[in-house]
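So the chains spell out like this:
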Amino acid sequence: MNEARSDIGKAWPSTSMERADVAFQVNGAAVNVSVPPVRRLSQVLRDALRLTGTKVGCDAGDCGACTVLVDGEPVCACLVPAASVSGACVTTVEGLANGRLSALQASFLVHGAAQCGICTPGLLVAATALLERNPTPSEAETQDALGGVLCRCTGYRKIVAAVMDASRHVGGLDHRMPTIGSAVGASPIRLDGVPKITGGEKFGGDSFPADALAVLVVRSPHHHARFSFGEIEAWAKSHPGVAGVFTAADIPGKNCFGVIGPFADQPALAEGFARFRGEAVALVAGEREAILDLDLTDFPVAWTELPHVLQPTDAKADGAKLIHQHRPANLLTSGFVERGDPDGALAGAAVTASGAIETSFVEHAYIEPEAGYAYMDGGTLVVVACTQAPYMDRDDTAKVLGLPVDKVRIVPTATGGGFGSKLDVSLQPLIGLVAMKTGRPAALAYTRNESMMSTTKRHPAEMQATIGTDAGGRVTGMVFSGDFNTGAYASWGPTVANRVPVHASGPYVTPNYRAEGRAIHTNGPISGAFRGFGVPQATIMQETLYDDLAVKLGLDRLDFRLKNCLRNGSETVTGQHLESGVGIGECLEQLQPHWARALADAKAFNAAHTASKRGVGVASCWYGCGNTSLPNPSTIKVGISASGDVVLHQGAVDIGQGSNTVITQICADALGLPLEKFRLKSADTAITPDAGKTSASRQTFVTGKAAEKAGRALREKILRFANVSDRASIALDGASISIQEGDATRLIELATLKADADGLVFVAEETYDPPTLPLDAKGQGKPYAVYGYGAQIAELEVDLRLGTVKLIKITAAHDVGKAINPVLVEGQIEGGIAQGIGMALMEEYIPGRTENLHDYLIPTIGDVPPIEHILVEVPDPEGPFGAKGLGEHVLIPTAPAILNAIRHATGVLVTKVPATPSRILAAIREKEARR
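Residues numbered from 1 in each chain as written. Predicted model: local features only at pLDDT ≥ 70, side-chain atom pairs only at ≥ 80, totals over all residues. Heavy atoms only, no water.

## Comments concerning the side chain of Glu543
As a reminder of what qualifies: Starting at the N terminus, helices and strands are each numbered in turn, a helix being any DSSP run of H or I of at least four residues and a strand any DSSP run of E of at least two. Three labels apply to residues, based on accessible area from a 1.4 Å probe with only protein chains included: buried if under 20% of the type maximum, exposed if over 50%, partly exposed otherwise in between. We define a polar contact as two N or O atoms separated by no more than 3.5 Å, with the added condition that, inside protein, one atom must be a possible hydrogen donor and the other a possible acceptor, whereas residues neighbouring each other in sequence contribute only through side-chain atom pairs.
Looking at the secondary structure, you find Glu543 in helix α16 (residues 535-553). Here Glu543 falls in the buried class, since its relative accessible area comes to 0%. Here Tyr508 takes part through its side chain, which lies 2.8 Å from a polar atom of the side chain of Glu543. For Glu543, the side chain forms a polar contact with the side chain of Arg561, separated by 2.7 Å.

## Re the pairing of strand β6 (residues 213-219)
Counted only if it meets this: A pair of strands is considered paired only if DSSP assigns at least 2 bridges between the two.
Most of β6 is tucked away, with six of its seven residues classed as buried. Here two bridges tie β6 to strand β18 (residues 442-445), and the two strands are oriented parallel to one another. For Ala214, the partnering residue across the bridge sits in β18 and is Ala443.

## A closer look at the packing of aromatic side chains
Worth spelling out the cut-off: Side-chain rings of Phe, Tyr and Trp (the six-membered ring for Trp) are treated as a pair once their centres are within 6.5 Å; stacked means planes under 30 degrees apart, edge-to-face means over 60, and tilted covers the remaining angles. Should the NZ of a Lys or the CZ of an Arg lie within 6 Å of a ring centre and within 35 degrees of the ring normal, that charge is described as sitting over the ring.
Considering all chains together, one arrives at 15 aromatic pairs under this definition. With centroids separated by 5.5 Å and ring planes inclined at 80°, the aromatic side chains of Tyr784 and Tyr787 adopt a geometry described as edge-to-face. In terms of burial, Tyr784 and Tyr787 fall into one category: buried. An aromatic cluster is present here, built from Phe227, Phe229, Trp235, Phe299 and Trp303 joined pairwise through their rings. Positioned over the ring face of Phe605 is Arg614, at 4.8 Å from the centre of the ring.

## Some details on the state of the cysteines
Each disulfide consists of one covalent bond between the sulfur atoms belonging to two cysteines. Here is the rule we go by: Here, a disulfide means two cysteine sulfur atoms that sit within 2.5 Å of each other.
Evaluation of the coordinates by the stated rule reveals zero disulfides. Unpaired in terms of disulfides, Cys153 finds its nearest cysteine sulfur in Cys116, a separation of 3.7 Å. Note on Cys153: relative accessible area 6%, which makes it buried.

## What about the sheet that holds strand β4 (residues 73-76)?
Keep this limit in mind: With axes taken as lines fitted to C-alpha atoms, and helix axes fitted only over the stretch in contact, angles between N-to-C directions fall between 0 and 180 degrees. Note on contacts: a residue pair qualifies if any of its non-hydrogen atoms lie within 4.5 Å across the two residues.
Spatially, β2-β1-β5-β3-β4 is the arrangement adopted by the five strands of the open sheet, whose pairing is mixed. Where the open sheet ends on each side, the last strands, each with one partner, are β2 (29-35) and β4. For this sheet, the mean inter-axis angle between neighbouring strands, taken without regard to orientation, is 40°. Bridge count for strand β3 (residues 67-70) against β4 is four bridges, and the pairing is antiparallel. Following the sheet pairing, Leu69 is matched in β4 by Pro74. Seen against the sheet, helix α4 (residues 120-133) touches β3, β4 and β5 (89-91) and runs at an angle of roughly 35° to β3.

## Details of the pairing of strand β23 (residues 612-624)
In terms of residue burial, β23 counts as a mostly covered element, since 13 of its 13 residues are buried. Residue alternation in β23 divides its side chains into two sets, Ser612, Arg614, Val616, Val618, Ser620, Trp622 and Gly624 and Lys613, Gly615, Gly617, Ala619, Cys621 and Tyr623, and both sets are buried. As paired strands, β23 and strand β31 (residues 787-799) are joined by 13 bridges and run antiparallel to one another. Note that in β31 the partner of Ser620 across the bridge is Ala791.

## Things to note about the environment of Tyr513
Within the secondary structure, Tyr513 is located in strand β22 (residues 512-521). The buried category is assigned to Tyr513, whose relative accessible area is 0%. Residues Tyr513 and Pro342, 171 residues apart in the sequence, show an inter-C-alpha distance of 5.0 Å. Setting aside residues no more than four positions away along its own chain, Tyr513 makes contact with Val337, Glu338, Arg339, Pro342, Met478, Pro501, Ala504, Ser505 and Val573. A distance of 3.4 Å separates a polar side-chain atom of Tyr513 from the backbone nitrogen of Ser505.

## What about the nonpolar core?
Here is the rule: As used here, the term nonpolar core means buried Ala, Val, Leu, Ile, Met, Phe, Trp, Tyr and Cys residues forming a set that is joined through side-chain atoms within 4.5 Å.
Membership of the largest hydrophobic core comes to 151 residues, with the highest contact counts inside it found for Phe108, Phe480, Ile584 and Ile898. Beyond its immediate stretch of four places on either side in the chain, Phe480 contacts Met463, Gln464, Ala465, Val500, Ala504, Arg514, Ala515, Glu516, Ala538 and Met541.

## Remarks on unusual backbone geometry
In the segment running from Val913 into Pro914, the intervening peptide bond is cis, with an omega of 15°. Along the chain, the position of Pro914 falls in the loop between α22 (894-906) and α23 (917-930). Even without being glycine, Asn98 reaches a positive phi, approximately 55°. Following the sequence through the fold, Asn98 ends up in the loop between β5 and α3 (103-111). In this structure Asn98 comes out as exposed when scored by relative accessible area, which is 70%.

## Some thoughts on the sheet that holds strand β29 (residues 744-749)
Taken together, three strands build an open sheet; the order of strands is β27-β28-β29 and the sheet is antiparallel. The open sheet has two free edges, formed respectively by β27 (729-733) and β29, since each of these has just one partner strand. Strand-to-strand twist of the sheet, defined as the mean angle between neighbouring strand axes without regard to direction, takes the value 20°. Here strand β28 (residues 736-741) runs beside β29; their pairing, made up of six bridges, is antiparallel.

## Describing helix α2 (residues 41-48)
Summarising burial for α2: eight of the eight residues are buried, a large majority. For α2, the set of buried residues is Leu41, Ser42, Gln43, Val44, Leu45, Arg46, Asp47 and Ala48. At the exit of α2 stands Arg50, carrying a positive phi of roughly 60°.

## Topic: the packing of α16 against α22
Let me state the cut-off plainly: Note: crossing handedness is left-handed where the near helix turns anticlockwise from the far helix by less than a right angle, and right-handed where it turns clockwise. Here the term charged refers only to Asp, Glu, Lys and Arg, the term nonpolar to Ala, Val, Leu, Ile, Met, Phe, Trp, Tyr, Cys and Pro, and the term polar to all other amino acids, Gly among them.
Direction vectors running N to C along α16 and α22 enclose 35°, while the axes themselves pass 9 Å from each other. Along this stretch, α16 crosses α22, giving a crossing that reads as right-handed. When α16 is examined against α22, the residues Thr539, Ile540, Glu543, Thr544, Asp547 and Asp548 are found in contact with a partner set consisting of Ala895, Pro896, Leu899, Asn900 and Arg903. Residue composition of the contact of α16 with α22, grouped by class: four nonpolar, three polar and four charged.

## Topic: the pattern of salt bridges
What counts here: Whenever Lys or Arg places a side-chain nitrogen within 4 Å of a carboxyl oxygen from Asp or Glu, that contact is recorded as a salt bridge.
What the rule picks out here adds up to 46 salt bridges. The shortest N-O distance in the salt bridge between Glu716 and Arg720 comes to 3.4 Å. You can see Glu716 and its partner Arg720 sitting in helix α20 (residues 699-722), four residues apart, about one turn around the helix. On the accessibility criterion, Glu716 (32% relative accessible area) is partly exposed.

## Section: helix α6 (residues 157-164)
In an α-helix, one turn spans 3.6 residues, which is why side chains three or four residues apart end up on the same side. Of all eight residues in α6, six are buried, a share of seventy percent or more. Of the residues making up α6, those classed as buried are Arg157, Lys158, Ile159, Val160, Ala162 and Val163. In this fold, the buried residues of α6 make contact with α3, α4, α5 (139-146), α21 (822-841) and β33 (867-872).

## Here's the deal with the environment of Asn900
In this fold, Asn900 is placed in helix α22. Residue Asn900 is classed as buried on the basis of its relative accessible area, which comes to 1%. If we ignore the near neighbours within four places in the chain, the residues touching Asn900 are Glu543, Thr544, Asp547, Arg557, Arg561, Val616, Gly617 and Val618. In terms of polar contacts, Asn900 uses its side chain to reach the side chain of Asp547, at 3.5 Å. Only 3.3 Å separates the side chain of Asn900 from the backbone oxygen of Val618, close enough to count as a polar contact.

Right, dumping it as structure tokens:
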């Protein structure tokens, strides 16, 4: 570590807080910083020493992302005052490699144990301490050592495997890239993997300019309120270091944004009224040291609390106050699908089942709170921030700030988890406004509290449905109705309302059908995109009724699903003819031996135990990849540089799912050149074509198809230039291309060719937009070109006295068409299942009560049981190399499978999700009271 870095803290502006020189060692180097003695060690490491590998996810010791070693012991750096490490030895993730990767770091790469990477440094540091004292830990010992570090992406299973397997990787990484033509189907380490495990990856809050103004956001403490400002200028002048205060009156453009243009309704800064708790009303910008010490309790804003509604039932009631005057009955929009005569089918059904299910707000709980900075580059506003949708960010930021879109540039950082919420703009127009008004860079990192208060949630749902069958167990009809609490603003409410009716039948033949989904405004948190767009909620309703029907019919629950599942040649509830690629039958068939074994195990366990009972549940899913009946293009550019690199302009934001690697694998095989020759130009609205948003399980399918097309087009250009047939092979040899056909070989010296502005001598750019058709008034049409399918078995035990659930195992069979990278596929399955476990058993966001990671519970490393994944490959001719999307599908069956397993164990269905111990006990007691 150089001297300049170790003394950065001494250059900070002085404040009223007393400072002290604190000397200690970091990663073997002596440092001395001048800081307030109570400053958090995490801040000292990140801000004074620029060791940003130590992440900050909560500042409360809840997430463990900031874990470092102090004299060999793991601690949360956010809870350690700087003065307490005087004379100590501190080790951060940057100190683990020592010139080459440690065995543990190499094991993380090989096992795919780092997805988004934001929690990875904390996990590596905690695991390093474990391995120092116990080189071959058991699974239980590993879970115990890492239990204080939260991960939202991986599902933990690959982390546990990587730690337990670390001893095999002494000597560092020994991993070969796949050969030409064999990238698809291989599992090379992530192309962006090394920075994730060394601390080199830069997330939204990791590269703030030294001269950036820090920004604070003043937010509404009420669900609904009128507000007015006092003497803002006088307040600012009375607080040294405050450079400016900005309100809606300072916004130069249209103070309105939204991901779906016709429904856009959210102000960047509220004007006179706040419609939900956490809504932004003003910005305070100032010098970083001044902002660190600033207390906003005396900020001149006066609040008048107004009546509010948080439940759709109240919002729809006659006389309810309208949250938006142009939306009667507080209805944002509705989606509708009808086919055949569902009422007649149910009236004539031999067996019917009806029910109602209610779900809760679910918080995304990514470990990286929103963060970024903005600056003016001449006349262009540049925003560097975490995001899932750079081009959408650009368009909305430009609109709010009154700029042409070509005068706004979005440069995505690494994104520490998103799962849908980082599709919506958050801080982008706010920091952009400050940068425009002050002429200085402006930086903002949300606290955990304000991230959870102000960003989108999974829609709570109130659903009812009836399904009928004939005497042989064939489904004859279904009706479904659901109200989805979309909160104060539209966000992705229209997408949820329209996607749910298409999917609420599940992957089953349902000849007579009617489904309606309604997005209802309340003063609750904004509900937006979250892994599944409402389909997980609807699937709970449908799959629990399928268990009811199977029991009434006297059929095995898995067999009942096999009897009714979609097959090649089936028609969906929208009338879409599925010619090929339907893999749900294969998924269910693959589960049959696991189902038989699990039922036998449960029967044996239950015969021997009375206080606890074991249950087994099954559920299926299907999911349309991409937008619903809307254009959904991705564009990819790939070229050969004069120096002999394959340069891939890859604008699909990788939020941990692996698109940087998977899309490159697809392009490599389509082009016919080795993966190791590729160099990525990642998402940046100034240099990469628009690959669309990272959502709706579209990147592997849509952007992957564009990459396949671009790779084939580039290959064709090279072959044409060489005047050879498509049977020829190409190879890169330094700055030359070698083309061989039969016995003839031709060499092209790349330096002799004219390069374009990007330095490319051969280049191809291709766009792919899935072929879909609009839905008519009855929801008939072709909403998606490709569907993914899956089914899962949950095995668990319920303590009948406590109502607690212990998960034993989950077996997951998912049809991915073609597993482009099997290790990454497995990681997506495990991560999705972990989030499904949270939705089923513990996650319930309550505004004002669960706005931190202490009170809002997500699964920890000890909550995720062994997961057996079965990769089913039923290729879809539309997908690249037959591949289908996966990211959202994997979460959908988990919660209903768990709820069905709880019912199998206890005889009761919990109808308010999550199924907490108190709700399980209440259902058991209600059942006993009815006896």
